[in-house]
Amino acid sequence: MRITLTRAGAAVLAASALALAATGPASASAGNVLGPDGFGPIKVGMSLADALATGKVGEPVGGNELCRGYKWAYSPGPVLTISKAHGVYSIPGTAPGTRTPEGVGLGSTAAEVKKAYPKAVDGWQNGVAIITTATPQNPANRYLFGTKEGKVVGFALQAVNARDCAAG
């Protein structure tokens, strides 16, 4: 099975919803910002070798030779999605207390997402309501916020150009 944009986004957001249900929203700390480029030492577009060298990326879990999910040190939940040719594609916002620089995270309302990101658009992926927006500081990346009953239940930072992670 290929990891596609829809599968990767929906899987990250669904797993994030499970993590939120189990732990509830956590408060943000200065170190838990899923910014326009990445999270901590993990950056969108970073090569697989460089991501592994951070010591924060573990074993592969699913995907194929072009694009795989990888466990990571920040949460047991959703995984990083990394393209062999193009590097880190998607970073989930599942580390405890993670927020965007604009303060949006698990438990935020859809209205708060729209206030922080006025150009955000509503959509659906695999039955999950999704709010998508380019990151204000880096239009090469975007945030996807999965919502249920008007609250963010999962979110991720992704490269806008999915390349081989959306093939198939």
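These remarks concern the structure in this document.

The rules behind each value
Residues numbered from 1 in each chain as written. Predicted model: local features only at pLDDT ≥ 70, side-chain atom pairs only at ≥ 80, totals over all residues. Heavy atoms only, no water. Helix = DSSP H or I, 4+ residues; strand = E, 2+ residues; numbered from the N terminus. Contact = heavy atoms within 4.5 Å. Salt bridge = Lys/Arg side-chain N within 4 Å of Asp/Glu carboxyl O. Disulfide = S-S within 2.5 Å. Buried < 20%, exposed > 50% of the residue type's maximum accessible area, 1.4 Å probe, protein only. Pairing = 2+ DSSP bridges. Polar contact = N/O pair within 3.5 Å; in protein donor to acceptor, adjacent residues only side chain to side chain. Axes fitted to C-alpha atoms, helices over the stretch in contact; angles between N-to-C directions. Phe/Tyr/Trp six-rings, centres within 6.5 Å; stacked < 30°, edge-to-face > 60°.

Structural notes on the environment of Pro 139
Now for step 1: For Pro 139, the location among the structural elements is in strand S9 (residues 138-148).
Now for step 2: Separated by 103 residues in sequence, Pro 139 and Pro 36 have C-alpha atoms that sit 8.4 Å apart.
Now for step 3: Setting aside residues no more than four positions away along its own chain, Pro 139 makes contact with Ala 134 and Val 160.

Topic: the pattern of salt bridges
Now for step 1: Here the structure, examined in full by the defined rule, presents two salt bridges.
Now for step 2: Lys 114 is the salt-bridge partner of Asp 122, the closest N and O atoms lying 2.6 Å from each other.

Some thoughts on the state of the cysteines
Now for step 1: Scanning the model with the defined rule gives one disulfide in all.
Now for step 2: The disulfide that involves Cys 67 links it to Cys 165, with 1.9 Å between the sulfurs. One quick way to see it: the torsion about the S-S bond of Cys 67 and Cys 165 is about 90°, and its sign makes the bridge right-handed. Here Cys 67 is found in strand S4 (residues 67-72), whereas its partner Cys 165 is found in the segment after strand S10 (151-159), with 98 residues between them in sequence.
Now for step 3: Overall, the relative accessible area of 1% leaves Cys 67 in the buried class.
Now for step 4: Its relative accessible area of 0% is what places Cys 165 among the buried residues.

Concerning unusual backbone geometry
Now for step 1: A positive phi is found at Asn 126, a non-glycine position, where the angle reads about 50°.
Now for step 2: Counting through the fold element by element, Asn 126 comes out in the loop between strand S7 (121-125) and strand S8 (128-135).
Now for step 3: Asn 126 sits in the exposed class, given a relative accessible area of 56%.
Now for step 4: With a phi angle near 50°, Glu 149 is a residue other than glycine that sits in the positive phi range.

Digging into the pairing of S7
Now for step 1: Two elements, S7 and S8, share five bridges in a ladder whose sense is antiparallel. Each bridged residue has a counterpart across the sheet, and for Asp 122 the counterpart in S8 is Ile 131.
Now for step 2: Taking the residues between adjacent antiparallel strands as the criterion, S7 and S8 are bridged by two residues, where Asn 126 takes a positive phi near 50°.

Regarding the environment of Pro 101
Now for step 1: Structurally, the position occupied by Pro 101 is in the loop between strand S6 (87-92) and helix H3 (110-116).
Now for step 2: Residue class for Pro 101 comes out partly exposed when judged on its relative accessible area of 43%.
Now for step 3: Separated by 67 residues in sequence, Pro 101 and Leu 34 place their C-alpha atoms 7.1 Å apart.

As for the side chain of Ser 83
Now for step 1: Within the fold, Ser 83 resides in strand S5 (residues 75-83).
Now for step 2: Within polar-contact distance, the side chain of Ser 83 engages the side chain of Asp 164 at 2.8 Å.
Now for step 3: In this structure Ser 83 touches Leu 66, Cys 67, Asp 164 and Cys 165, once residues within four positions along its chain are discounted.

Examining the sheet that holds strand S3 (residues 57-63)
Now for step 1: Ordered by their spatial adjacency, eight strands build an open sheet running S3-S4-S5-S6-S10-S9-S8-S7, and the pairing between neighbours is antiparallel. Taken across any chain shown, the strands that pair with only one partner, and hence form the sheet edges, are S3 and S7. Strand-to-strand twist of the sheet, defined as the mean angle between neighbouring strand axes without regard to direction, takes the value 30°.
Now for step 2: Bridge analysis of S9 against S10 gives eight bridges, and the strand direction is antiparallel. Following the sheet pairing, Asn 141 is matched in S10 by Ala 159.

Points about the packing of aromatic side chains
Now for step 1: A full pass over the atoms with the stated rule returns seven aromatic pairs.
Now for step 2: With a centroid separation of 4.8 Å and an interplanar angle of 75°, the aromatic rings of Phe 39 and Tyr 74 are classed as edge-to-face. A residue pair is termed long-range when its members are at least 10 positions apart, and Phe 39 in strand S1 (residues 38-39) and Tyr 74 in the loop between S4 and S5 qualify at 35 residues.
Now for step 3: Residue classification places Phe 39 among the buried positions, given a relative accessible area of 1%.
Now for step 4: Tyr 74 sits in the partly exposed class, given a relative accessible area of 22%.
Now for step 5: Between Tyr 117 and Tyr 143 the ring centres are 5.6 Å apart and the planes differ by 50°, which places this aromatic pair in the tilted class. Taken as a pair, Tyr 117 in the loop between H3 and S7 and Tyr 143 in strand S9 lie far apart in primary sequence, 26 residues in all.
Now for step 6: When its relative accessible area of 2% is taken as the criterion, Tyr 117 is described as buried.
Now for step 7: An aromatic cluster is present here, built from Tyr 117, Tyr 143, Phe 145 and Phe 155 joined pairwise through their rings.

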